[in-house]
Amino acid sequence: MSSRTRLLLAWTGGIALTVLHLAPWFEPRPRLVLGVLPEELAYRLGWMVLAFAYLVWFTASVWREEDGA
Amino acid sequence: MTPVVLGVGIYVAIVLAVGLAAARRSARDPAEYFLAGRGLGTFVLFMALFGTNCTAFVLVGVPGQAYANGIATFGVNAPIVALGIPLTFYFIGLPARRLGHELGALTPAELYAKRLGSRAVGLLLFGVFTLYTLPYMATAVQGAAVTLSTATDGALPRWAGGLGVLVVALVYTSLGGMRATAWTNVVQGALFLGFVLAAIVVYTRAVGAEYGGGLSGAFERVAAERPDLLERPAGGLHAPRAFASWGLAISLTVIAFPHMLARLMAAKDARSLRITCRAYPIALVLLWVPVVLIGVFGALEFPGLEGREVDRVFSEMAGRFLSPELSVLAVVAVLAAVMSTLDAQLLTLGSMLTRDVLDPLMPKRRESADVLRGRLFAVALAAVVYGLWWFGGASVFRLASVAFSGYVTLVPTLFLGVRWTGFTAAGAALSILLGNGVYFAALHAAGGLTAAMEPSWCGFLPVAWGFVAACAGAWLGSAASQLQRRGQ
């Protein structure tokens, strides 16, 4: 994958995560998902799993070691 | 001797012993004292950043917010921080570490002064860093003093508790500098993280007992008795524009804490920083989910708390459900959270006074004496913080809430200063001055110094306007100085 493609993916991922965080369409109801977690908390934890995956990919692919070497 | 005094005594003995051990490992030169010889490895770096980042507000203030606003308190704070902080570590911390090493800079202000070739920029940064950090330190002293006074039923007066916390932090910071503060942060971070994880297991069992126990039982009880706590409040920080502005503030502000940036400059290598970025979201979930749940469950157990009283929910829950040993650990956890930030702030402001303020005044001074000067400045700062706390009254706390967002006005300078070769000293100066000017004007429009989290123009928080103005100032100032250069 070229560095340009990686940068494009990084920006797209960052913007997508920001939109999903703002989530103006999401109105949590007071019910439990799978009988365990409130809808709001489940959504936020799911978002954090995505953000964590993004960070792992970002620090493996986009991170330029020479920036801090 | 009461269990609280014994527990606090053991904690103090441990942090002093760790500080002493770090002092024996430390050489006597300024780079060693102020930045641990730029040798913080992955684990210590991570714990130093995490411990410094998490203040007593997270342990005590966040449960209070969750008590009032429910589970949505988690979504408004933790997720965006888990993404924003690691990204700022990459975009600002990583090149700052490299440039600090190349330029021989030991403080954040010194780094940007040398990078931009302007002592004025260093002094300006030092001024804003200090303006925003001192009130913060005073609120930390207040948190520790109240915790100790309450835990000892008033036997330890507030003046003595606040003084004691400052003196202990000062002693181990002066003994071993950055290495001592980083090592003690490992102990402190483990203490407060361990406490909240242990406490939430106990609370969940107790709160959910009538509904079959466990997490699902506890949440079923919340859904049955207080379903509003599982919904998102309509106004305040949850209004769309305020929500977006707050996300901007909370994800960008941490990198602009001078004590956080100094720790990043002390990283041993880029790899340590990379692993820290990956581990940060996990640690945030482990800390934030329990503290929010303490507030939500506390709303079931202690209904009727209002205003500032909601901050009592942390101690009320501990008092009702925890064993005497864990109750003592609750007090120690709050002290650990306070001191893990306070020590870093004392060290970094002391180092900036030594390096950035003395440089223009004493350009031919002996650098080898900078360690002693750093220690003396730390003592002076501790005295100022104590005085500010004792005599400043409510205005100090108003300033602290203004400071949290105010740091964001420095982010364009911190970012462009290490990432854009076209960025100039004029750009930095205009960015900082314009950003802060507009931030305070937006604050005024929102209602004054108590309105940092209230909507300002067009429904956005003051921080959003300050940030936009700082970006505009950075570009305008740099463009103007480049045009001037071309014209010459």
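Definitions and limits used
Residues numbered from 1 in each chain as written. Chains lettered and ligands numbered in written order. Predicted model: local features only at pLDDT ≥ 70, side-chain atom pairs only at ≥ 80, totals over all residues. Helix = DSSP H or I, 4+ residues; strand = E, 2+ residues; numbered from the N terminus. Rg over C-alpha atoms; globule rule 2.2 N^0.38 Å. Buried ≥ 20, exposed ≤ 12 C-beta atoms within 10 Å, placed from the backbone. Contact = placed C-beta atoms within 7 Å. Nonpolar A, V, L, I, M, F, W, Y, C, P; charged D, E, K, R; others polar. Axes fitted to C-alpha atoms, helices over the stretch in contact; angles between N-to-C directions. Parallel < 35°, antiparallel > 145°, perpendicular 65-115°, else oblique. Left-handed = near helix turned anticlockwise from the far one by under 90°. Core = buried A, V, L, I, M, F, W, Y, C linked by C-beta atoms within 7 Å. pLDDT = per-residue confidence, 0-100. Expected span 1.5 Å × (residues − 1).

Caption draft 1: View of the overall build of chain B. A count of helical and extended segments in chain B gives 19 helices and zero strands. A compact globule built from 488 residues should have a C-alpha radius of gyration of about 23 Å, and chain B, at 22 Å, falls within 12% of that. C-alpha atoms of chain B, sized along the principal axes, occupy 80 × 55 × 45 Å. A total of 488 residues make up chain B; the buried ones form 59% of that total. Restricting the contact set of chain B to residue pairs at least 6 apart, pairs at least 24 apart contribute 80%.

Caption draft 2: Just the overall build of chain A, in detail. Scanning chain A from N- to C-terminus turns up two helices and two strands. Each helix and strand of chain A, ordered N terminal to C terminal, gives the series α-β-β-α. Computed over C-alpha atoms, the radius of gyration of chain A comes to 16 Å, more than 25% over the 11 Å expected from 2.2 N^0.38 for 69 residues, which places it beyond the range of a compact globule. With respect to the three principal axes, the spread of C-alpha positions in chain A is 50 × 20 × 20 Å.

Caption draft 3: A look at the interface of chain A and chain B. Facing the 27 residues of chain A at the interface are 34 residues of chain B. Residue assignment for the side of chain A that touches chain B shows that the elements contributing at least two residues are helix H1 (3-22), strand S2 (37-38) and helix H2 (39-61) of chain A. Ranked by residues supplied to the side of chain A that touches chain B, first place goes to H2(A) with ten residues. In terms of residue class, the side of chain A that touches chain B is built from 18 nonpolar, four polar and five charged.

Caption draft 4: Inspection of helix H11 (residues 258-265) of chain B at higher detail. Most of H11(B) is tucked away, with eight of its eight residues classed as buried. Where H11(B) is concerned, the buried positions are B:Pro258, B:His259, B:Met260, B:Leu261, B:Ala262, B:Arg263, B:Leu264 and B:Met265.

Caption draft 5: Spotlight on the packing of helix H7 (residues 119-151) of chain B against helix H18 (residues 425-446) of chain B. Residues and elements named next belong to chain B. Direction vectors running N to C along H7 and H18 enclose 25 degrees, while the axes themselves pass 9 Å from each other. Here H18 runs roughly parallel to H7, going by the angle between their axes. Regarding H7 and H18, the two cross each other, and that crossing is left-handed. Within the contact between the two elements, H7 uses Ala-120, Val-121, Leu-124 and Val-128 and H18 uses Ala-425, Ala-428, Ala-429, Ile-432 and Asn-436. Tallied by class, the residues present in the contact of H7 with H18 amount to eight nonpolar, one polar and no charged.

Caption draft 6: Spotlight on the nonpolar core. By size, the foremost hydrophobic cluster in this structure holds 202 residues, and its most contacted members are B:Ala333 and B:Leu335. Contact partners of B:Ala333, with chain neighbours within four places excluded, come to B:Leu59, B:Leu191, B:Phe192 and B:Phe195.

Caption draft 7: Structural context of the confidence of the model for chain B. Residues and elements named next belong to chain B. Counting all residues, the mean pLDDT for chain B is 93, and 100% of those residues have values of 70 or more. The spread of mean pLDDT over the elements of chain B runs between helix H16 (residues 394-406), the lowest at 82, and helix H17 (residues 411-419), the highest at 98. As a predicted assembly, this complex carries a pTM of 0.94 together with an ipTM value of 0.94.

Caption draft 8: Just unusual backbone geometry, in detail. At A:Leu34, a position not held by glycine, the phi torsion is positive, near 55 degrees. Summarising the element assignment, A:Leu34 is placed in the loop between strand S1 (32-33) and S2. For A:Leu34, a count of 7 C-beta atoms within 10 Å translates into the label exposed. One non-glycine residue, B:Arg38, lies in the positive phi region at around 50 degrees. Along the chain, B:Arg38 turns up in the loop between helix H2 (30-35) and helix H3 (42-53).

Caption draft 9: Broad picture of H2(A). In this model, H2(A) (23 residues) spans 33 Å end to end at C-alpha, consistent with the 33 Å of a helix rising 1.5 Å per residue. All of the buried residues in H2(A) are A:Glu40, A:Leu41, A:Arg44, A:Trp47, A:Met48, A:Ala51, A:Phe52, A:Tyr54, A:Leu55 and A:Phe58. Here the buried face of H2(A) lies against H1 and S2 of chain A together with helix H5 (72-103) and helix H12 (270-301) of chain B.

Caption draft 10: A look at the packing of helix H1 (residues 3-25) of chain B against helix H14 (residues 324-361) of chain B. Residues and elements named next belong to chain B. Here H1 crosses H14 at 45 degrees, and the two axes come no closer than 9 Å. Classified by the angle their axes make, H1 and H14 are oblique. Crossing angle aside, the handedness with which H1 passes H14 is right-handed. Of the residues in H14, those in contact with Pro-3, Val-4, Gly-7, Val-8 and Tyr-11 of H1 are Pro-324, Val-328, Val-331, Val-332 and Leu-335. Tallied by class, residues from the contact of H1 with H14 come to nine nonpolar, one polar and no charged.

Caption draft 11: View of the environment of B:Ala120. All names here are of chain B. By secondary structure assignment, the location of Ala-120 is in helix H7. C-alpha of Ala-120 to C-alpha of Asp-356: the two residues are 236 residues apart in sequence and 9.7 Å apart in space. Each residue touching Ala-120, except ones within four places of it in the same chain, is listed here: Ala-425 and Ala-429.

Caption draft 12: Fine view of the environment of A:Leu32. For A:Leu32, the location among the structural elements is in strand S1. According to the C-beta neighbour criterion, A:Leu32 is partly exposed, with 19 such atoms within 10 Å. Sequence spacing of A:Leu32 and A:Leu7 is 25 residues, and the spatial spacing of their C-alpha atoms is 38 Å. Contact partners of A:Leu32, with chain neighbours within four places excluded, come to A:Leu37, A:Pro38, B:Ser216, B:Phe219, B:Glu220 and B:Ala223.

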